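# Summary of structural features
Listed here are the chains, written in short residue letters.
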Amino acid sequence: MLLFGTGGTPHSAKTKTAIDGIRRIAELGMGCMELEFVRGVRMGETDARLVAEVAAMEGVKLSAHAPYYINFNAHEPEKIRASQERLLQTARIASLCGAQSVVFHTAFYLGDPPEKAYDTIKKYLEEVVDRLKQESIHIPLRPEVMGKRSQFGTVEEVIKLCTELEGLAPCIDFAHWHARNGAYNSYREFASILQQVEESLGRAALDDMHIHCSGIKYGAKGEIKHLNLKDSDLQYVELIKALSDFEVKGLLICESPNLEEDTLLLQETYNDLVMAG
Ligand SMILES: [Zn+2]
């Protein structure tokens, strides 16, 4: 099954807490939610265990998004160390929450050639992977496909990292990829990305995908901001059709400003196609 859910607590939840978010996801008939630690990991261990309990009780799958302030290509060693710490901290808490994976924004190029940035990022990321292994924390880290051209994270870069580092899996953000190059907005193009994932990482990767999706506004430098699907040009029906045809399984997290409204739209589009198919 492909499960649908919101990036963060739905707007219509009783409060903004993760627990009320999970309960609301279940009430709305959705299947998953991404815990947003984007401004820092402030959840304690006791709360994390409670989140895991409620999610299991409600039958809601979870993922977690690491803080935005991560750059594995930072030029200052202390910023690299802080980035490693933030990702580790997210992985530890996410694991206690019972989350299936940790999504993160890998880096900015900062004017470096992409190949040089790649090598730097791989080296410092590998240290995080090793550390988690030592701590017996087995949660996939998912570098995200990014929407700004100044950010590391083309589809190729993300997939290559995942083939070369154990414990990594991709977060394919279709809105970001479309915003980055203006293309990749048709059934054929969406299908080509899924094909690329399958060829490089195997069928298992399509059986355990993590997807981000939203409407998006973009310009010459790529992503400007997220939009609601119907205010954007994203061909989400074609995207959902490609996901359905490739029998993609895993989590699809919707990050439109209206959160649950677009999540339900995507889920209904998917269910209609599956029923019809
Ligand atoms: Zn993100």
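Residues numbered from 1 in each chain as written. Predicted model: local features only at pLDDT ≥ 70, side-chain atom pairs only at ≥ 80, totals over all residues. Heavy atoms only, no water.

### Remarks on the overall build of the protein
Quick note on the threshold: For helices the rule is a DSSP run of H or I covering at least 4 residues; for strands it is a run of E covering at least 2, with both sets numbered from the N terminus onward. Whether a residue is buried, partly exposed or exposed follows from its accessible area with a 1.4 Å probe, protein chains only, as a fraction of its type maximum: under 20%, in between, or over 50%, in that order. For the accessible areas, the method is Shrake-Rupley and the probe is 1.4 Å, while residue cover comes only from the protein chains on display.
Scanning the protein from terminus to terminus reveals 10 helices and 10 strands. Within the protein, the proportion of its 277 residues that are buried is 55%. For the protein, the exposed area adds up to about 12,200 Å²; of that, 50% sits on carbon and sulfur atoms.

### Description of helix α2 (residues 45–58)
Short version of the rule: Here the expected span of a helix is defined as 1.5 Å times the quantity of residues minus one. Regarding the arc, it is the one traced by the directions from the helix axis to the C-beta atoms. Working rule for contacts: check all heavy atoms of both residues, and any pair within 4.5 Å makes them a contact.
The end-to-end C-alpha distance of α2 is 20 Å, a good match for the 20 Å that 14 residues give at a rise of 1.5 Å each. All of the buried residues along α2 are A48, V51, V54 and A55. Looking straight down α2, one finds its buried side chains confined to an arc of 125°; they lie on one side. Residues of α2 that are exposed and angled more than 90 degrees away from the buried face: T46, E53, A56 and M57. Residues of α2 that are buried sit in contact with α1 (18–27), β2 (32–36), β3 (61–65) and α3 (77–96). Backbone geometry just downstream of α2 places G59 in the positive-phi region, at approximately 70°.

### Some points on the coordination of the zinc ion
Rules: Coordinating donors are taken as N, O and S atoms within 2.8 Å of the metal, stretched to 3.2 Å for Na, K and Ca; because water is absent from the atoms, sites can appear incomplete. Angle rules define the geometry names used: all angles between 85 and 135 degrees makes four donors tetrahedral, while opposite donors over 155 degrees apart and all other angles between 65 and 115 make four donors square planar and six octahedral, leaving every other case irregular.
Surrounding the zinc ion are the protein donor atoms H65 (NE2), H105 (NE2), E144 (OE) and E144 (OE), which sit 2.1 to 2.7 Å from the metal. Taken together, the four donor atoms coordinating the zinc ion and their angles of 52 to 145° define a geometry best described as irregular. Along the chain, the residues donating to the zinc ion fall in the pattern H-x39-H-x38-E. With H105 in the loop between β4 (102–104) and α4 (114–134) and E144 in the loop between β5 (141–143) and α5 (155–164), this residue pair connects regions lying 39 residues apart in the sequence. Look at E144 and you get buried, because its relative accessible area is 1%.

### Quick look at the packing of helix α7 (residues 187–201) against helix α9 (residues 236–245)
Our working rule: Fitted lines through C-alpha atoms serve as axes, helices being fitted only where they are in contact, and the angles separating the N-to-C directions of these axes extend from 0 to 180 degrees. The labels follow the angle: roughly parallel below 35 degrees, roughly antiparallel above 145, roughly perpendicular from 65 to 115, and oblique for the rest. Left-handed describes a crossing in which the near helix is turned anticlockwise from the far one by less than a right angle; the clockwise case is right-handed. Amino acids outside the nonpolar list (Ala, Val, Leu, Ile, Met, Phe, Trp, Tyr, Cys, Pro) and the charged list (Asp, Glu, Lys, Arg) are all regarded as polar, and Gly is one of them.
Close contact between α7 and α9 brings their axes to 8 Å; oriented N to C, the two are set at 40°. Here α9 runs oblique to α7, going by the angle between their axes. You can see that α7 and α9 cross each other, and the crossing is right-handed. For the pair formed by α7 and α9, the contact residues are Y187, F190, A191 and L194 on the first element and E238, L239, K241, A242, L243 and D245 on the second. Within the contact of α7 with α9, the residues separate by chemical class into seven nonpolar, no polar and three charged.

### Some thoughts on the pattern of salt bridges
The cut-off we apply is this: Salt bridge, as used here: a side-chain nitrogen of Lys or Arg that lies within 4 Å of a carboxyl oxygen of Asp or Glu.
The final tally for this structure, using the stated rule, is 13 salt bridges. Put simply, K116 and D112 hold a salt bridge, and the shortest N to O gap is 3.8 Å. Relative accessible area serves as the criterion here: at 13%, D112 is assigned to the buried category. Put simply, D245 and K241 hold a salt bridge, and the shortest N to O gap is 3.3 Å. Of this pair, D245 and K241 both sit in helix α9, separated by four residues, roughly a single helical turn. Overall, K241 belongs to the partly exposed group, its relative accessible area being 35%. Connected via shared salt-bridge partners are R92, R131 and E135.

### Concerning the packing of aromatic side chains
The following threshold applies: Side-chain rings of Phe, Tyr and Trp, where Trp is taken by its six-membered ring, are said to pair if the distance between their centres is within 6.5 Å; with planes under 30 degrees apart they count as stacked, over 60 as edge-to-face, and otherwise as tilted. Here, a charge over a ring is recorded when the distance from Lys NZ or Arg CZ to the ring centre is within 6 Å and its angle to the ring normal is within 35 degrees.
The full count for this structure, using the stated rule, is six aromatic pairs. An angle of 70° between the planes, with centres 6.1 Å apart, marks the rings of F72 and F104 as edge-to-face. On the criterion of sequence distance, the pair formed by F72 in the loop between β3 and α3 and F104 in strand β4 is long-range, its members being 32 residues apart. Between the aromatic rings of F174 and F190, the centroid separation amounts to 5.8 Å while the plane-to-plane angle is 85°, which identifies the pairing as edge-to-face. With a gap of 16 residues between them, F174 in helix α6 (residues 174–181) and F190 in helix α7 connect regions that are remote in the sequence. Grouping residues by exposure puts F174 and F190 together as buried. An aromatic cluster of at least three residues, connected via ring pairs, comprises Y109, Y118 and F152. Between K160 and the ring centre of Y118, over which it is positioned, the NZ or CZ distance is 4.3 Å.

### Overview of the pairing of strand β10 (residues 250–254)
Stated precisely, the cut-off is as follows: Pairing between strands requires that DSSP locate at least two bridges from one strand to the other.
Summarising burial for β10: five of the five residues are buried, a large majority. Two elements, strand β1 (residues 2–7) and β10, share five bridges in a ladder whose sense is parallel. Bridge assignment links G5 to a residue of β10, and that residue is I253. Pairing between strand β7 (residues 209–213) and β10: five bridges, direction parallel. When the bridges of β10 are listed, H210 appears paired with L251.

### Here we look at the layout of surface pockets
Worth spelling out the cut-off: Site definitions follow a grid-based scheme: protein atoms alone, a 1 Å grid, a 1.4 Å probe that fits but cannot get out for cavities, and for pockets an open set with protein on both sides within 12 Å along at least five of seven lines, plus lining residues having an atom within 4 Å of a point. Grid points are joined across faces, edges and corners, and a volume is the space filled by probe spheres set on the points.
Of the volumes computed, that of the largest pocket is approximately 530 Å³. In terms of lining, the largest pocket is formed by 24 residues, of which the most central are V38, Y68, H105, H226 and E255. The class makeup of the residues in the lining of the largest pocket is eight nonpolar, 10 polar and six charged. What the second largest pocket holds in volume is close to 380 Å³. Lining the second largest pocket are 17 residues; nearest its centre among them are T9, K16, T17, A18 and E36. Class assignment for the residues of the lining of the second largest pocket results in eight nonpolar, four polar and five charged.

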